[in-house]
Amino acid sequence: MRIWVNGGLRDADDARLSVLDHGLTVGDGVFETVRVAEGRAFALTRHLERLTRSARGLGLADPDHDAVRRAVAAVVEANPVELGRLRITYTGGLSPLGSDRGDAGPSLVVALGGTARRPDSTAVVTVPWTRNERGAVTGLKTTSYAENVVALARAHEQDASEAIFPNTVGQLCEGTGSNVFVVLDGRIHTPPSASGCLAGITRALTVEWTGAQETELPLDVLERADEIFLTSTLRDIQAVHRIDARELPGAPGPVTAKAMRVFEERAAGDLDP
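Predicted model only: the values in this text are computed from it and were never measured.

**Regarding the layout of surface pockets**
A water-sized probe rolled over the atoms picks out the places where empty space is left. The computed volume of the second largest pocket comes to approximately 180 Å³. If you trace the second largest pocket, you find it lined by L17, S18, V19, D21, G23, L24, T89, T91, V109 and T143. Those elements that provide at least two residues to the lining of the second largest pocket are α1 (22–25) and β5 (83–91). A class-by-class count of the residues in the lining of the second largest pocket yields 4 nonpolar, 5 polar and 1 charged.

See below:
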């Protein structure tokens, strides 16, 4: 693997940041995950725009989009994969120990690894922890992912691939790395950004391409929804066949299956929608 680190490609064994990088010491960083298929990155412009929104939310300088694009192109060329997960990480850079940020400038790392196509359906669980819809970093895609690590481990213990969070007022929010959609009486709904969920790129495209509605939903909607599906960069649209102990036989259901077809067709027709 060849990885871009602060201005150039490095072999994986030589791709290093300082142990005093603020992204490591206090999680002061943001990131994007981009799907790469046959050497082409999908929706890169939208990902770079969100990277900038997240950076501004942390008070980091705006990332140079042209520089990031050059890094992405170099990494994609150096690491040919049929289907891959491209990770763009942008941190507060070399800083003193503690929460104060140094003045050395940000760090940029871009890496690409191969991945497998997801199955059409999956199992998920709900967890007892909450997303804070009023927090300082709500809606930002930051590198502070420890609570997602804990929740995802809980999901894996129950033979599931994702964990679903409520927010602090008991509304449906999001997964550790996905957005959640439900089908009620033939209509597709997803929690609004005010719920505390991340404004997912795949979520936004799914809303645009299927006419899904943003709706405040109680967590227990998962107990009665006709269909449930997840969206994310690497899942695209993925049906849920089990939520906790509830089975949803026949997943993907008809509404989800149509959404999957629409997304696949639209994404194939436009690499940077």
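**Quick notes on the sheet that holds strand β6 (residues 107–114)**
The sheet built from 6 strands is open, its strands ordered β2-β1-β6-β5-β3-β4 with antiparallel pairing. Strand pairing shows two members of the sheet lacking a second neighbour, β2 (8–11) and β4 (40–41), which therefore form its edges. Sheet analysis places strand β1 (residues 2–5) next to β2, joined by 4 bridges and oriented antiparallel. In the sheet register, V5 faces β2, and the bridge partner there is G8. Packed on one face of the sheet, helix α3 (residues 65–78) meets β1, β2, β3 (29–37), β5 and β6 and runs near 30 degrees to β6.

**Here we look at the packing of helix α5 (residues 201–210) against helix α6 (residues 254–269)**
Two numbers describe how α5 lies on α6: the axes approach to 10 Å, and their chain directions differ by 105 degrees. Here α6 runs roughly perpendicular to α5, going by the angle between their axes. For the pair α5 and α6, the contacting residues are T202, L205, T206, W209 and T210 in the first and A259, V262, F263, R266 and A267 in the second. Tallied by class, residues from the contact of α5 with α6 come to 6 nonpolar, 3 polar and 1 charged.

**Considerations on the packing of helix α2 (residues 44–58) against α5**
If you want to describe how two helices pack, look at the angle between their axes and the distance between the axes. It is at 10 Å that the axes of α2 and α5 come closest, and there the two elements cross at 125 degrees. Judged by the inter-axis angle, α2 sits oblique to α5. Of the two elements, α2 crosses α5, and the hand of that crossing is right-handed. Counting all contacts with α2, which are made through R46, H47 and R50, the residues of α5 involved are I201, A204, L205 and E208. For the contact of α2 with α5, the per-class residue count stands at 3 nonpolar, 1 polar and 3 charged.

**Topic: helix α4 (residues 146–157)**
Between its terminal C-alpha atoms α4 stretches 17 Å, which fits the 16 Å expected from 12 residues at 1.5 Å a residue. Of all the positions in α4, only N148, A151 and A155 are classed as buried. Taken down its axis, α4 places every buried residue within 70 degrees of arc, on the same side. Set apart from the buried face of α4 by more than 90 degrees, the exposed residues are A146, V149 and E157. For α4, the secondary structure elements touched by its buried residues are β7 (121–126) and β8 (162–166).

Conventions and cut-offs
Residues numbered from 1 in each chain as written. Predicted model: local features only at pLDDT ≥ 70, side-chain atom pairs only at ≥ 80, totals over all residues. Heavy atoms only, no water. 1 Å grid on protein atoms, 1.4 Å probe; cavity = no way out; pocket = protein on both sides within 12 Å on 5 of 7 lines; lining within 4 Å. Points joined across faces, edges and corners; volume = space filled by probe spheres on them. Helix = DSSP H or I, 4+ residues; strand = E, 2+ residues; numbered from the N terminus. Nonpolar A, V, L, I, M, F, W, Y, C, P; charged D, E, K, R; others polar. Pairing = 2+ DSSP bridges. Contact = heavy atoms within 4.5 Å. Axes fitted to C-alpha atoms, helices over the stretch in contact; angles between N-to-C directions. Parallel < 35°, antiparallel > 145°, perpendicular 65-115°, else oblique. Left-handed = near helix turned anticlockwise from the far one by under 90°. Expected span 1.5 Å × (residues − 1). Buried < 20%, exposed > 50% of the residue type's maximum accessible area, 1.4 Å probe, protein only. Arc of directions from axis to C-beta.

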